[in-house]
Amino acid sequence: MLNYIWAFMILVGIVYAAFTGNMAAVTDAALSSAGEAVSLCITMAGVMALWMGLMKIAEKSGLIARLTKGIQPFLSFLFPDIPKNHEARQYIATNFIANILGLGWACTPAGLKTMEALAKLEEERGTPGYTGGGERVASREMCTFLILNTSSLQLIPVNMIVYRTQYGSANPAAVIAPAILATLVSTAAAIVFCLFSGRGQKRR
């Protein structure tokens, strides 16, 4: 659907430029934007390599393991039906930690692994659709994880800082405090929503 929307917007822009005599400006903008995109990709690659390296150091030093262990009570509170030793907990914890550190790209693999582990859990429970037959429906744990992943608290908005640096911001890190406040509110709202919508309802 998004492909159609973008195609429609591009087509409207080109047609409008043609009727208003601004085709040269559209061509110049397309070429300059292509160059900026390559430059931005190179910048993002360097920054993400740095942060992924730091994450790897944190993992090797045992910091990630300690953080994962530290948030287990929080995970038990939000996901009471997931067994304590299930692999889904490890993936959820890794995803949350990467999100909190602002490493959105780093948390994607853990997020995919989380969904796979939660689907495996539904198979173990014998949920229809996961064991053959019936309609496959997202479990409450899947929905809770998706909501929290989308609204996650971020202490260091790495991507936004890189974008601001690339486009000449005088103080790229100025977004840290507003980002923490905004994501703290969104995370609190997500937790309240998950608790009120999940408690007392039959697990799906």
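For the structure, see preceding data.
This report concerns the structure included in the present document.

### A word on the environment of S152
Link 1 in the chain: Here S152 shows up in the loop between α7 (140-150) and α8 (158-166).
Link 2 in the chain: The sequence separation of S152 and L11 amounts to 141 residues, and the corresponding C-alpha distance is 36 Å.
Link 3 in the chain: If sequence neighbours within four positions are ignored, S152 has contacts with F96, N99, I100, T183 and T187.

### Quick notes on the pattern of salt bridges
Link 1 in the chain: Applying the stated criterion across every chain, the model contains five salt bridges.
Link 2 in the chain: Taking the shortest distance from any N to any O, the salt bridge between D81 and R140 comes out at 3.1 Å. With D81 in the loop between α4 (72-78) and α5 (87-100) and R140 in helix α7, this residue pair connects regions lying 59 residues apart in the sequence.
Link 3 in the chain: K120 is paired through a salt bridge with E87; the nearest N and O atoms lie 3.7 Å apart. Of this pair, K120 sits in helix α6 (residues 104-125) while E87 sits in helix α5; the two residues are 33 residues apart in sequence, bridging distant segments of the chain.

How each quantity is defined
- Residues numbered from 1 in each chain as written.
- Predicted model: local features only at pLDDT ≥ 70, side-chain atom pairs only at ≥ 80, totals over all residues.
- Heavy atoms only, no water.
- Helix = DSSP H or I, 4+ residues; strand = E, 2+ residues; numbered from the N terminus.
- Contact = heavy atoms within 4.5 Å.
- Salt bridge = Lys/Arg side-chain N within 4 Å of Asp/Glu carboxyl O.

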